[in-house]
Structure formats: C-alpha cells, structure tokens
Amino acid sequence: MPRRQSLSPSSLWRRMRRELAVSDRLSLASLVLLTLLLTAAGLVWPTWVPFTTLLVPMFLGSLLLGPRTLPWFVVLVTGCTCLVLFLETEISNRSIVRLATTFAIALLIMAASFRRSRLGVSGPRGESMFVDLRDRIARQGTLPQLPERWLVETITRSEGGTSFAGDFVVAQRTQDQHLELVVVDVSGKGVEVGARSLFLSGAFNGIVSALPGGQFLPAANAYLLRQDWDEGFATAIHLHLDLATGDFELRKAGHPPAVWVHAGSGRWSVVSSDGPALGLLPDTDFECVSGRLAVGDGLMMYTDGLVESSTRDMSLGIDKLAGLGTRLLAEGFEDGAEYVMKGMQATDDDRALVLVHRRW
C-alpha cells in the first residue's frame, strides 16, 4: 500500500490559498453562520431583530457567492425567514407584505445568478476579470520608449465615460527602429462592441508585431473576415514610421484621413488614401501614402467620433481639428493630445486621438 505523502506547513498554506482563491467555501460558511445567528436572534428577540434582517446575508451572498452556490443559499435564507415569521405570536398584514418583499428580492437575486452562470464566477470575480481585460486593452496602446526627438501621445474617450470603448490604439516599436501605430474604430455600440474591441486589440497587437508595414491591414482584414460576425467590420488607420529619418507610410481602411501640420509653412494638409473597412471584402488592397515628417511637424490620427456629430459634418470637424493642431506649432506639442481633445466638441460616440511630433 503506497504511503501517503505528508504536507509541509508551507505546502498546506499554499494549497489553502489556492483553494480560497478559486472557491467560495469560506464565504459560504461565514454567510451560513451569520444567517443562523440572525435566525436565532429573531426567534429570541423578534422585536429587536425582525426577519427582514435576513436580507443582509442574502445581499452579501449575491456579491460573494458563485452562481452554483448562491441559489441554494437563497433558499436557506428564505426558509429561515419563513421560520421566524411563522413562529411569531401574531402575524400582521405588514408582516405578510414584508415577507412578499423578501421573496421578490430573493427571486431577483436568483435571476441575476442564473444570468451570471454563463460566466461561471461570482460578481466580484467577474468584475475583476473585466477590469483585467480593460487593463489589457489599455496596455496594447501603451507607447514604447522612443528617442528624445520624438513625441507621441495617445488619448481615448468612451461614450458616457464607461471603461470599455469601441476605439482603441495599438503601438509597437520594431527592432529596425520603426514605430507601428494603429488607430481602430470597431463598429457598433454598447457591451458587444466593447467585447469585440477587447478581442481585436489582442489580435491586432499580435498581427502588427509579426507583420509590420504594408502587410498589416491585409492580414487584419483576413482575420476579421474569418470571425464571421454579423456586425463585424472595423475601420483603421496604420502609420509605419521610420524613427531615424522621419519617413512614413500611411494606410487606412475606411477610416478618416490623418491631418499633417507642417512646421515650415505653418499650414496643414490632409493625408488620405483609399481602402475599404476591415471585414467587408476579401483580397482587397490598401493604398499607401508616403511622406517625411520634417523637424517640428505634427501628425494627428483619430476616429470619426472626434470630428463628426449629428450637428457637425466631418469636413468641418477636420477643419477645427487642424486649426487646433496648428496652434500647437506656436504653443508646443507637449500635452497636445489632451489640448486637442478638450478643444473638440463632445459627441455621443467613442473618440480616440494619436498625436505624433518630431521635436526640434
């Protein structure tokens, strides 16, 4: 007969930590104990501890317990509630109304639990997962360390100030001293577009790392077509920038054009190219526009939510955006993305802006 291996105190402690991290047994035991104590107190001191106090552990259970455990705990709490009520010396109409309210709250909690059962985790764990995903999409747009002669700023604003948006930025610096910047606007609104953005941000980050330059948009388009989403298209603009010379290649897919602010003349121009939105047409080409950012120049890439609204045409919005960009020539480009974002009219759509400046 094999000999059972004994666990050291450190191994036992690590196992307990893992168990508590993935299980709600400790929370369940604590809540059951609290429920029993409140039930006993309600039986002994019904005037001071009414049966409605049992709503407290029920509410805590909705926050701490998983979808498999929560329904059974709710049944336990409602059973204890009925026990305390029926053992009262006098049952009034007010008590019946309170009982009906308790049962209604219990049904709402169980309905929410059944909806969460698709995710398989409790409320706080589910929220922490979404927070982690939100942080991951933010890290995709974190700018790599750049030479001192370059300033790049990114800023995004979601509709209604939520944490998830359909606009995101991907930034990568390759070993051959090139910077890849991609601004993406995913179609749709609400929770679905947030989920698609989380999904695509990771995918596009991997694609642009493996296939920089002119290969990115065709690969991203093919990837999006394979998803076969009902509303699965996205617009994008891709900048391939040589950090040594300032030479750049700009390609876009159904996206608003970039705005180029020229330090030498103090004027601005639109950098546009042809290309359909991603996820619509297979085997499509994306026109490349080349140029060189001179010392002092700035380049702005953005999503349509920044320049277009129900009361303003996109061309007028681009004019205003370019006007704010030319002011940066005199006032400086430091914190310029925030300055431009605040200067534009707020819209009912997600907004994103990337500002690239070659310092003097």
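Preceding this section is the structure that the text describes.
Everything numeric in this text was worked out from a predicted model, so none of it was measured.

Engineer: It is not clear to me how the overall build of the protein should be interpreted in this structure. Could you clarify?
Structural biologist: The helix and strand tally for the protein stands at 11 helices and 10 strands. Out of the 360 residues belonging to the protein, those deemed buried represent 45%. Nonlocal contacts in the protein, meaning residues at least 24 apart in sequence, comprise 68% of its contacts between residues at least 6 apart.

Engineer: Explain the environment of leucine 217 to me, please; I cannot follow it from the model alone.
Structural biologist: Note on placement: leucine 217 falls in helix α8 (residues 216–227). Taking the C-alpha atoms as reference points, leucine 217 and lysine 252, separated by 35 residues in sequence, lie 8.0 Å from one another. Not counting chain neighbours up to four residues away, the residues in contact with leucine 217 comprise Ala236, His238, Arg251, Lys252, Ala253, Leu278 and Phe286.

Engineer: How do you make sense of α8 when you look at a structure like this?
Structural biologist: Given 3.6 residues to a turn, an α-helix orients residues that are three or four positions apart in the same direction. The end-to-end C-alpha separation of α8 is 17 Å, in line with the 16 Å expected for 12 residues at 1.5 Å each. Restricting attention to buried positions, one finds in α8 the residues Phe216, Leu217, Ala219, Ala220, Asn221, Tyr223 and Leu224. Looking one or two residues past α8, aspartate 228 carries a phi angle of roughly 55°, positive in sign.

Engineer: I keep staring at the pairing of strand β9 (residues 298–302) and nothing clicks. Help me out?
Structural biologist: When a strand is regular, its side chains alternate between the sheet's two faces. Of all 5 residues in β9, 5 are buried, a share of seventy percent or more. Burial along β9 is two-sided: Gly298, Met300 and Tyr302 facing one way and Leu299 and Met301 facing the other are all buried. Here strand β6 (residues 258–261) pairs with β9 via 3 bridges, running antiparallel. Looking at the pairing, valine 261 lines up with glycine 298 of β9.

Engineer: Which parts of the structure should I look at to understand the environment of aspartate 283?
Structural biologist: Relative to the assigned elements, aspartate 283 resides in the loop between β7 (268–271) and β8 (289–292). Each C-alpha atom of the pair aspartate 283 and alanine 219 lies 9.7 Å from the other, and the pair is 64 residues apart in sequence.

Engineer: In this structure, what is going on with the packing of helix α10 (residues 314–331) against helix α11 (residues 336–343)? I would like to understand it.
Structural biologist: A pair of packed helices is captured by two measures, namely the crossing angle of their axes and the spacing between those axes. Packing of α10 against α11 leaves a shortest axis separation of 10 Å and a crossing angle of 145°. Where α10 crosses over α11, the handedness of that crossing is right-handed. On α11, the residues that touch Lys320, Leu321, Leu324, Arg327, Leu328 and Glu331 of α10 are Gly336, Tyr339, Val340 and Gly343. Residues belonging to the contact of α10 with α11 are distributed by class as follows: 5 nonpolar, 2 polar and 3 charged.

Engineer: Help me out: how do you make sense of the packing of helix α2 (residues 25–44) against helix α4 (residues 70–86) in this one?
Structural biologist: Direction vectors running N to C along α2 and α4 enclose 5°, while the axes themselves pass 10 Å from each other. Taken as axis vectors, α2 and α4 run roughly parallel relative to one another. Taken together, the residues of α4 that come into contact with α2 (itself represented by Leu28, Leu31, Val32, Thr35, Thr39, Gly42 and Leu43) are Phe73, Leu76, Val77, Cys80, Leu83 and Val84. Its residues assigned to classes, the contact of α2 with α4 shows 10 nonpolar, 3 polar and no charged.

Engineer: Looking at this model, I keep getting lost on the sheet that holds strand β3 (residues 178–186). Mind explaining?
Structural biologist: Hydrogen bonds along the backbone pair up the strands of a sheet, which may run parallel or antiparallel. With respect to topology, 5 strands assemble into an open sheet ordered β2-β3-β4-β5-β8, the strand pairing being antiparallel. Among the strands making up the open sheet, the edge pair consists of β2 (167–173) and β8. Pairwise comparison of adjacent strand axes, ignoring direction, gives a mean angle of 15° for this sheet.

Engineer: Please clarify how the packing of aromatic side chains should be interpreted in this entry.
Structural biologist: When we look at a pair of aromatic rings, we describe it by the centre distance and by the angle of the planes. Taken as a whole and judged by the stated rule, the model has 5 aromatic pairs. Between the aromatic rings of phenylalanine 199 and tyrosine 223, the centroid separation amounts to 6.1 Å while the plane-to-plane angle is 25°, which identifies the pairing as stacked. Here phenylalanine 199 is found in helix α7 (residues 190–210), whereas its partner tyrosine 223 is found in helix α8, with 24 residues between them in sequence. Looking at phenylalanine 199, the relative accessible area reads 39%, which means it is partly exposed.

Engineer: Would you explain a nonpolar patch on the surface in this entry?
Structural biologist: Side chains of Leu43, Val44, Trp45, Trp48, Leu83 and Leu87 sit close together on the surface and give an oily, nonpolar patch of about 720 Å² of accessible area. The residue valine 44 is located in helix α2 in this model. A relative accessible area of 54% places valine 44 in the exposed class.

Quick notes on the rules
Residues numbered from 1 in each chain as written. Predicted model: local features only at pLDDT ≥ 70, side-chain atom pairs only at ≥ 80, totals over all residues. Heavy atoms only, no water. Helix = DSSP H or I, 4+ residues; strand = E, 2+ residues; numbered from the N terminus. Buried < 20%, exposed > 50% of the residue type's maximum accessible area, 1.4 Å probe, protein only. Contact = heavy atoms within 4.5 Å. Expected span 1.5 Å × (residues − 1). Pairing = 2+ DSSP bridges. Axes fitted to C-alpha atoms, helices over the stretch in contact; angles between N-to-C directions. Left-handed = near helix turned anticlockwise from the far one by under 90°. Nonpolar A, V, L, I, M, F, W, Y, C, P; charged D, E, K, R; others polar. Parallel < 35°, antiparallel > 145°, perpendicular 65-115°, else oblique. Phe/Tyr/Trp six-rings, centres within 6.5 Å; stacked < 30°, edge-to-face > 60°. Patch = residues over 30% accessible without salt bridge, like charges linked within 9 Å, V, L, I, M, F, W, Y side chains within 5 Å. Areas by Shrake-Rupley, 256 points an atom, 1.4 Å probe, with all protein chains shown as cover. Salt bridge = Lys/Arg side-chain N within 4 Å of Asp/Glu carboxyl O.

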